[in-house]
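Residue-level listing of the chains:
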Amino acid sequence: MSERDGIFAGTDPFAIAGRWLGEAVKSEPNDPNAIALATVGEDGMPNVRMVLLKEIEADAFVFYTNYESAKAGELDNAGKAAFVMHWKSLRRQIRVRGTITREDGPKADEYYASRSLKSRLGAWASKQSQPLSSRSALMADVAKVTARLGPNPPRPKFWGGYRLVPTEIEFWADGAFRLHDRFRWCRDDADSEWQIQRLNP
């Protein structure tokens, strides 16, 4: 693996991902932590949407959402998901596939408490993915929640995190004449050793 140096160097894919994200924070104009999260419904139809990655742990990627949303239903049902994080400014991307579990304890409480008050109240008011008659109806619900819960609302039981523990991570960087550099890290499960392969562009 002598070719795997420079931006691809390292023995820990989570550290590499964190390093790339740190570089993107300096160059991406908006939401460098945005990921396109892919799920699949019970009917086998795929779904994808943008969410914000909130943490790269030592062995997982963490994001948060409403547990009553369409995405949460698909995540809970399948127990698997994939995402891609793409940075146009760096001409790089990371693709990830793996298993999903809920992050529903103190860490979720801590992250919820770190959000702005309006975002915390919005999490209470929004019935995510459900039909909405008008924006004014949503704002009325926010006002009701604000009056009821005050300036320090607790985390709703229907809102929390997900941890994606990967079995596959691919690091991709743009190359001249579309001869891109790609390295795929694969393992059978979270307890297995990573196997690394260079892929054709």
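The structure we're discussing is the one just above.
Residues numbered from 1 in each chain as written. Predicted model: local features only at pLDDT ≥ 70, side-chain atom pairs only at ≥ 80, totals over all residues. Heavy atoms only, no water.

Our focus in this paragraph is the overall build of the protein chain. Helices and strands together make up the secondary structure of the protein chain, namely five helices and eight strands. Along the protein chain, from the amino end to the carboxyl end, the secondary structure elements read α-β-β-β-α-β-β-α-α-α-β-β-β. In the protein chain, which comprises 201 residues, the proportion classed as buried is 40%. Counting every atom, the protein chain has about 11,400 Å² of accessible surface; 51% of that belongs to carbon and sulfur. Of note, the protein chain has its 29 positive side-chain charges centred 7 Å away from the centre of its 27 negative side-chain charges. (Helix = DSSP H or I, 4+ residues; strand = E, 2+ residues; numbered from the N terminus. Buried < 20%, exposed > 50% of the residue type's maximum accessible area, 1.4 Å probe, protein only. Areas by Shrake-Rupley, 256 points an atom, 1.4 Å probe, with all protein chains shown as cover. Lys, Arg positive; Asp, Glu negative; His and termini not counted. Charge placed at Lys NZ, Arg CZ, Asp CG, Glu CD.)

The biggest cluster of nonpolar side chains holds 31 residues, and the ones touching the most others in it are Phe61, Phe83, Ile94, Ile169 and Phe171. Apart from the residues within four sequence positions on either side, Ile94 is in contact with Ala17, Trp20, Phe83, Val84, Met85, Trp87, Ile169, Glu170 and Phe171. Judged by nonpolar contacts, the second largest core, of eight residues, contains Ala108, Tyr111, Tyr112 and Phe158. (Core = buried A, V, L, I, M, F, W, Y, C linked by side-chain atoms within 4.5 Å. Contact = heavy atoms within 4.5 Å.)

A separate point is the side chain of Arg182. Here Arg182 shows up in strand 7 (residues 181-186). Under the relative-accessibility criterion, Arg182 is labelled buried at 18%. Here Glu170 takes part through its side chain, which lies 2.7 Å from a polar atom of the side chain of Arg182. A distance of 3.0 Å separates a polar atom in the side chain of Arg182 from the backbone oxygen of Asn200. (Polar contact = N/O pair within 3.5 Å; in protein donor to acceptor, adjacent residues only side chain to side chain.)

For strand 1 (residues 34-40), the tally of buried residues reaches five of seven residues, placing the bulk of the element in the interior. Two strands pair when backbone bridges link them, and strand 1 and strand 2 (residues 46-56) are joined in this way by seven bridges, in the antiparallel orientation. From the neighbouring strand, Ala38 faces strand 2, where its bridge partner is Val48. Linking two consecutive strands that pair antiparallel, namely strand 1 and strand 2, is a turn of five residues; a positive phi of about 85 degrees is found at Gly44 within it. Inspection of the sheet shows strand 1 paired to strand 4 (residues 80-87) by three bridges, in the antiparallel sense. Bridged to Ala38 within strand 4 is Ala82. (Pairing = 2+ DSSP bridges.)

With that settled, consider the packing of aromatic side chains. One pass over the full model with this rule turns up 16 aromatic pairs. Their ring planes at 65 degrees and their centres at 6.5 Å tell us that Trp20 and Trp87 sit as a pair that is edge-to-face. Separated by 67 residues along the polypeptide, Trp20 in helix 1 (residues 13-27) and Trp87 in strand 4 bring together distant segments of the chain. This pair shows no difference in class: Trp20 is buried, exactly as Trp87 is. Ring plane angle 80 degrees and centroid distance 5.3 Å describe the contact between Phe61 and Phe83, whose orientation is recorded as edge-to-face. Residue Phe61 is located in strand 3 (residues 61-66), and its partner Phe83 is located in strand 4; the two are separated by 22 residues in the primary sequence. Each member of the pair, Phe61 as well as Phe83, is classed as buried. One aromatic cluster is present, built from ring pairs that chain together Phe8, Phe14, Trp20, Phe61, Phe83, Trp87, Phe171, Phe183, Trp185 and Trp194. Here the guanidinium or amino end of Arg92 rests over the ring plane of Trp20, the centre of that ring lying 5.0 Å away. (Phe/Tyr/Trp six-rings, centres within 6.5 Å; stacked < 30°, edge-to-face > 60°. Lys NZ or Arg CZ within 6 Å of the ring centre and 35° of its normal.)

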